[in-house]
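# Structural features, examined
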Protein chains: 2
Amino acid sequence: MALENTTLKNLFHRKGYKMTPQREAIYLLVKSRRGSHLSSEEIFDLLRDEHPGIGLATVYRALRVLEDMGLLHSLYLNDGKIRYEANDDTEDHRHHHLVCLDCGRVEEFALDLLGPLEKMVQEKSGFTVQDHSVKFYGICTTCRKVQKTGS
Amino acid sequence: MALENTTLKNLFHRKGYKMTPQREAIYLLVKSRRGSHLSSEEIFDLLRDEHPGIGLATVYRALRVLEDMGLLHSLYLNDGKIRYEANDDTEDHRHHHLVCLDCGRVEEFALDLLGPLEKMVQEKSGFTVQDHSVKFYGICTTCRKVQKTGS
DNA sequence: CTTTATGCAAATGTTTTGCATCGAA
DNA sequence: TTCGATGCAAAACATTTGCATAAAG
């Protein structure tokens, strides 16, 4: 725990940032809610218990910092706001998102299937590919059942 | 030409929409600028020559309609606005986007590599996959050269 | 101490909505 | 005719910024 804190502090300093209670709390919150895809506003609301005085602008600024540090990444789920997930250190790959076109729910798909494709893209395009983001659109099992049953 | 127009009109009617000059112009513009990823504002500006009285709200509404009809699709390139592309009828697949993390430029990658993966995702997740969207992030050839040369 | 981060409020930018009028079918 | 579409202005959101104060290093 102490070590983890030191590591986190080092991560901040390595990028020239200061570690503050707000930034730490935001990171820990997003990390603890794996699979939630929290927006800035949602994070702000969830944090108000613990940090009554926190400001929304701080959340926006902290999320950028945490993304720059490589602790989080942002994603867009077609609902007008940017959402955040913690980067899982135990996976060097990314999971994918399955978006249901009917109910809008978002599921995770744990496997990253793009490793080999990145290499091919790199060769064919000249781009040095560093990362990717993949969304699949379709109908989730729940909604498909409803459709079969009839409205 | 006459046939194409009829087809377009039918497409509108099939979904219960009326075909208007504005909607047609917006569709033709986006279609003619393949590879541009136009935003609503950009479309609005480009259309003012031809359609001096057009309103921005009309552009927003038309783009939704055209997307619902399957003529266009939207994409988010991390710059705060939604952009649109025409669906290419000659390709039943999607091209991918390569976003340069340095200069922000977006290149297209013509091959769709996800056909087989869609099937696998469908089997493993139970989702009926209908579509997908893929972005690769990296450094484009131009920016890599600059980096090598030194700033 | 020095410098960066915070909180608040105001500003910005994008997208949506209300409503009277217009035009497609 | 009828009902959906348009244009305009206002409203609604999401996000950013300016600035005085607070706190990290």
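Residues numbered from 1 in each chain as written. Chains lettered and ligands numbered in written order. Predicted model: local features only at pLDDT ≥ 70, side-chain atom pairs only at ≥ 80, totals over all residues. Heavy atoms only, no water.

### Side note on the domain arrangement of chain A
Residue and element names in this part refer to chain A. Per the domain assignment, the segments making up chain A are domain 1 (1-90) and domain 2 (91-151). For domain 1 and domain 2, the distance between their C-alpha centroids amounts to 24 Å. Each partner contributes residues to the interface: domain 1 has 12 residues there, and domain 2 has 10 residues. Taking both sides of the interface into account, the surface hidden between domain 1 and domain 2 amounts to around 820 Å²; carbon and sulfur atoms contribute 48%. Between the two partners, domain 1 and domain 2, sit 0 salt bridges. (Domains from an automatic or database assignment. Contact = heavy atoms within 4.5 Å. Buried area = accessible area lost by both parts, 1.4 Å probe. Salt bridge = Lys/Arg side-chain N within 4 Å of Asp/Glu carboxyl O.)

### Some points on the pairing of strand β6 (residues 128-139) of chain A
As paired strands, strand β4 (residues 96-100) of chain A and β6 of chain A are joined by 4 bridges and run parallel to one another. When the bridges of β6 of chain A are listed, C100 of chain A appears paired with G138 of chain A. (Pairing = 2+ DSSP bridges. Helix = DSSP H or I, 4+ residues; strand = E, 2+ residues; numbered from the N terminus.)

### Here's the deal with helix α4 (residues 56-68) of chain A
Residues and elements named next belong to chain A. Its 13 residues place the ends of α4 19 Å apart at the C-alpha level, agreeing with the 18 Å of an ideal helix rising 1.5 Å per residue. Every buried residue of α4 is accounted for by V59, A62, L63, V65 and L66. Burial along α4 is one-sided: seen end-on, the buried residues are contained in an arc of 165°. In this structure, α4 carries R61 and R64 as exposed residues pointing more than 90 degrees from its buried face. Downstream of α4 by one or two residues, G70 has phi in the positive range, about 85°. (Expected span 1.5 Å × (residues − 1). Buried < 20%, exposed > 50% of the residue type's maximum accessible area, 1.4 Å probe, protein only. Arc of directions from axis to C-beta.)

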